[in-house]
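These are the residues of each chain, in order.
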Amino acid sequence: MKPVLYIALRFTAARKRALILSLSGVVLGVGFFISTQAQTAGFEQFFTDTVLGTSGAIVVTDRFQERYAPVVKADADSMVAVSGQQPRKYYTGIDNPNMVMRAMRDYSGVLAVAPLLEGSVTIRTDFKDEILKLEGIDLDSQLRATSLGHQLIDGSIDGFRQKPFGLLLGSLIADKLQVHIGDIVYLAGTGGPLGTPGAGAAPSATPTGGAPAIPTSAPGSDLHPFTVEGIFQTGINAIDETRGYVHRQSAQMVMQKPYLASMLIVRLRDPERAPALAMQFEKHLHHRARSWQERERGNLEMLHAIRLSAAITVSLIILLAGFGIFNILTMTVLNKVREIAILRSMGYRRADIQAIFVYQGLIIATIGSVVGCALGAALTFAISQVPVRIRGPVHADTFLVTWSWHHYAAAALIAFASVLIASYFPARRAASLPPVDTLRGSGQ
Amino acid sequence: MSLSPTALLECRDLERWLGAEESRVHVLRGVSLALEPGSVHAIVGPSGCGKSSLLYILGLLDRPEAGQLVIGGQSALALEDRDASHRRNERLGFVFQFHFLLEDFTAEENVMIPMRQLGRLSQREMEERARHLLDGVGLRAKAGRPSRHLSGGEQQRVAIARALANDPLVLLADEPTGNLDSVNSERVFKLLTELVRAQDKALLLVTHNPAIAERCDWVHEMKDGRIVKTTRNTIEL
């Protein structure tokens, strides 16, 4: 062991009360930092996972055409033609979706692509009418590209697969409409007037457990009966209270769209690559492509700001601990003036004296970080077990936490930086003390 | 560069001022001294005459404004802190009036501190040497005792063992018996002189005690920053 480290260890261990005071600040700071980061990142991660699991890393929508206005400039000797770029012209829907999907699958990192036909419809039950954001899906593609299979909390995917007029409903809107699995609801495109279900239609609300026949459209109306085959919950209320899924052909019929795909959902191996890949899609495929980071910028920035704010607040505890260590080490230097002089007389260099006091800080930072990380993990676990009912922008029944080594590394880094700065100045002071002054003062 | 081929430590024409502006004092005025192997030197004189200042310069803890200093045949005044510290660690041993042991450490650990810095011995070798040195000063039985639990005389003997830790050429002692009763004072002085003579080292001690000074080989009397008189005593061993 290096002699200065040995002496630093002995000096540190000899002042137990100061050691406990210094350590407690670092331990609490590191522990609180980790647990708050685990919580804020937990909500952020949950939101990100849900966005990726519901709408994919990239959403490709309308085809566009670049437009240029030719400009011809002439002078006496020559004529120059330049192109002035104008705003793109967009065409609703995906142009030749199968070809676009094939092209996308050729990009490395693209795991799955799913076509969707999206629009707004009115959903009617005996109880009330609501506007529903309807998405017509290809079930297998959708299951590959999203987490729909895991989000189902009632009913079954197979039931939906077998029913051409099956409907998957968000949990909150299902609650609002008081519908259950097996119930029949009516969908109508929002463009047309809502008629009355015809006499030949199935009952508007069949008790759960029944086996209704595939309903047919009410004659003379735009209402189309669908059977609720599943209820899903993403955890994001904005989705759960507005969204429903049907098969794509059924959606086309209800919404009377002239095309079969209004958007494509792309799942990536590395979602962080979404912005770069979206740009490539736009450039090569001439369809509007938006990454999840772009789509959710507002929410992500808000969550990030909350996380940063929590980090700054809790870092103050570590900084305060650093200030405490500064005071304790400054006092130690004053108390160890004789020891410093005697070490110098025995051949210890100024740099060695400085190192002894910096090492004392590092010893506190090391022990404090290790114990603080353990405390942080324990707090994170305890918090994750606390039952809470969160019904805000997200839906959760316990605190959401994320276990990430980054939080532990960041906490330790802040602790080390803070303690290193706190110990540097007393250490420098110790090194600059002229031993002769001390020896002369004591010796004569 | 050696002024005297046999001297373990030699200084010539040392000049030292302390303080600044009006309070500036000329504490050393052309001091010259040579310590031969096996010799014991006493520096005596009134307070403020420059005794301790001379000791600290010879021990490379302070620098003179002018003069020469040779330790073990090598010039030692123009050294950087790193080299001066190494030279001090390797070739010089200090004993102070107030013992200056590290109180959180045991007697044995105190003796090992200079050895750790030199870094030539293994942990086991350092422990063996520390015990051997403590045996030499009659404290082997108390090697594991925290230094603050030792008496004043015992602490000074531990300090002597520590000064000998790296087998230095020269021992520099600043009133080593000044804080001890007569019995311990006699014991410490005897121990120091015997070690120096037996191992051909040199000892320079600052003292106010005429009885101690009389028993040294050389007595250098200082006044106003100068060595005004040097006396050679005839010692019957």
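Residues numbered from 1 in each chain as written. Chains lettered and ligands numbered in written order. Predicted model: local features only at pLDDT ≥ 70, side-chain atom pairs only at ≥ 80, totals over all residues. Heavy atoms only, no water.

**Observations regarding the overall build of chain A**
Across its full length, chain A holds 16 helices and 13 strands. Expressed as a percentage of the 444 residues in chain A, the buried residues total 51%. By sequence separation, contacts in chain A at least 24 residues apart represent 78% of the contacts at least 6 residues apart. (Helix = DSSP H or I, 4+ residues; strand = E, 2+ residues; numbered from the N terminus. Buried < 20%, exposed > 50% of the residue type's maximum accessible area, 1.4 Å probe, protein only. Contact = heavy atoms within 4.5 Å.)

**What about the overall build of chain B?**
When helices and strands are tallied, chain B shows seven helices and 10 strands. Counting across all 237 residues of chain B, residues that qualify as buried make up 56%. Put simply, of all contacts in chain B between residues at least 6 apart along the chain, 67% involve residues at least 24 apart. Counting only carbon and sulfur atoms, one obtains 45% of the accessible surface of chain B, whose full area is about 10200 Å². (Areas by Shrake-Rupley, 256 points an atom, 1.4 Å probe, with all protein chains shown as cover.)

**Notes on the pairing of strand β9 (residues 243–247) of chain A**
All names here are of chain A. Here β9 lies mainly inside the structure; five of its five residues are buried. With five bridges connecting them, strand β4 (residues 129–137) and β9 associate as parallel partners. Of the residues in β9, the one forming a bridge with Lys-133 is Arg-243. By the bridge criterion, two bridges tie strand β6 (residues 166–170) to β9 in an arrangement that is antiparallel. (Pairing = 2+ DSSP bridges.)

**Examining the sheet that holds strand β2 (residues 25–35) of chain B**
All names here are of chain B. Read from one edge of the open sheet, four strands run β2-β1-β4-β5, paired in antiparallel fashion. One side of each edge strand has no neighbouring strand; the edge strands of this open sheet are β2 and β5 (74–75). By the bridge criterion, eight bridges tie strand β1 (residues 9–18) to β2 in an arrangement that is antiparallel. Opposite Leu-14, over in β2, you have Val-31 as the bridge partner. The sheet contacts of helix α1 (residues 51–58) involve β1, β2 and β4 (66–71), and relative to β1 the element is tilted by about 125°. (Axes fitted to C-alpha atoms, helices over the stretch in contact; angles between N-to-C directions.)

**Describing the interface of chain B and chain A**
Of the residues lining the interface, 27 residues belong to chain B; the matching set on chain A comes to 26 residues. Here Asp81(B) and Arg344(A) are joined by a salt bridge, their closest N and O atoms 3.1 Å apart. At the boundary of chain B and chain A, one finds 10 residue pairs in polar contact (both at pLDDT 80 or more). For the side of chain B that touches chain A, the secondary-structure elements that each account for two or more residues are α1, α2 (81–91), β6 (92–96) and α3 (107–118) of chain B. When its residues are assigned to classes, the side of chain B that touches chain A shows 11 nonpolar, six polar and 10 charged. (Salt bridge = Lys/Arg side-chain N within 4 Å of Asp/Glu carboxyl O. Polar contact = N/O pair within 3.5 Å; in protein donor to acceptor, adjacent residues only side chain to side chain. Nonpolar A, V, L, I, M, F, W, Y, C, P; charged D, E, K, R; others polar.)

**Quick word on the pattern of salt bridges**
Enumeration according to the criterion identifies 27 salt bridges over all chains in this entry. A salt bridge links Asp104(B) to Lys336(A); the shortest N-O distance between them is 2.9 Å. Residue Asp104(B) is found in the loop between β6 and α3, and its partner Lys336(A) is found in the loop between α12 (297–335) and α13 (337–345); the two belong to separate chains. The pair Asp104(B) / Lys336(A) is uniform in exposure class, with both members buried. Linking Asp62(B) and Arg16(B) is a salt bridge whose minimum nitrogen-to-oxygen distance equals 3.0 Å. You can see Asp62(B) sitting in the loop between α1 and β4 and its partner Arg16(B) sitting in strand β1, a full 46 residues away along the chain.

**Some remarks on unusual backbone geometry**
A positive phi angle, near 55°, is found at Gln178(A), a position not held by glycine. Despite not being glycine, Asp224(B) has its phi angle at roughly 50°, a positive value. Here Asp224(B) is to be found in the loop between β9 (218–223) and β10 (226–232).

**A short note on the environment of Gly67(B)**
Note that Gly67(B) resides in strand β4. Taking the C-alpha atoms as reference points, Gly67(B) and Cys11(B), 56 residues apart in sequence, are found 7.3 Å from one another.

**Structural notes on the packing of aromatic side chains**
Scanning all chains against the criterion turns up seven aromatic pairs over all chains. With a centroid separation of 5.3 Å and 65° between ring planes, the pair formed by Phe165(A) and Phe226(A) is classed as edge-to-face. Residue Phe165(A) is located in the loop between α6 (157–162) and β6, and its partner Phe226(A) is located in strand β8 (residues 224–232); the two are separated by 61 residues in the primary sequence. If you follow Arg10(A) out to its NZ or CZ, it ends over the ring of Phe105(B), 4.7 Å from the centre. When the ring centre of Phe11(A) is taken as reference, the NZ or CZ atom of Lys336(A) above it lies at 4.3 Å. (Phe/Tyr/Trp six-rings, centres within 6.5 Å; stacked < 30°, edge-to-face > 60°. Lys NZ or Arg CZ within 6 Å of the ring centre and 35° of its normal.)

**Some remarks on the pairing of β8(A)**
Along any regular strand the residues' side chains alternate between the sheet's two faces. All names here are of chain A. Counting buried positions along β8 gives nine out of nine residues, so the element sits mostly inside the fold. As judged from the three bridges shared by strand β5 (residues 152–155) and β8, these two strands associate in the antiparallel manner. Counterpart to Leu-152 in the pairing with β8 is Phe-232. In the sheet, β6 pairs with β8 via five bridges, with the strands oriented parallel.

**A closer look at the nonpolar core**
If you look at the biggest cluster of nonpolar residues, it comprises 79 residues, and the most contacted ones within it are Ile7(A), Leu343(A), Phe357(A), Leu54(B), Leu58(B) and Leu69(B). Sort the elements by how many residues they give to this core and helix α14 (residues 350–384) of chain A lands first, with nine residues. Ignoring any residue separated from it by four or fewer positions in sequence, one finds Leu58(B) in contact with Leu9(B), Cys11(B), Leu14(B), Leu33(B), Leu69(B), Ile71(B), Leu92(B), Leu172(B) and Leu204(B). Val59(A), Leu148(A), Tyr245(A) and Leu285(A) belong to the second largest nonpolar core, which has 44 residues in total. (Core = buried A, V, L, I, M, F, W, Y, C linked by side-chain atoms within 4.5 Å.)

**Describing a nonpolar patch on the surface**
All names here are of chain A. Together, Ile-367, Val-370 and Val-371 give the surface a local cluster of nonpolar side chains, amounting to about 230 Å² of exposed area. Tracing the backbone shows Val-371 in helix α14. The class of Val-371 is partly exposed, set by a relative accessible area of 41%. (Patch = residues over 30% accessible without salt bridge, like charges linked within 9 Å, V, L, I, M, F, W, Y side chains within 5 Å.)

**Section: the confidence of the model for chain B**
Residue and element names in this part refer to chain B. Per-residue pLDDT for chain B averages 87, and the proportion of residues at 70 or more is 97%. Ranking the elements of chain B by mean pLDDT puts helix α6 (residues 182–198) last with 83 and α3 first with 94. In the predicted complex, the global pTM is 0.69; the interface-specific ipTM is 0.87. (pLDDT = per-residue confidence, 0-100.)

**Topic: the sheet that holds β6(B)**
Residues and elements named next belong to chain B. On the basis of which strands lie adjacent, the open sheet formed by six strands has the order β6-β7-β8-β3-β9-β10 and mixed pairing. The outermost strands of the open sheet, each flanked by one partner alone, are β6 and β10. The mean angle between the axes of side-by-side strands here comes to 20°, regardless of whether they run parallel or antiparallel. Relative to β9, strand β3 (residues 40–44) runs parallel, the two sharing four bridges. Its bridge partner being in β9, His-41 is matched across the sheet by Trp-218. Against the sheet, α1 engages β3, β6, β7 (170–174), β8 (202–206) and β9, with an angle of about 150° to β7.

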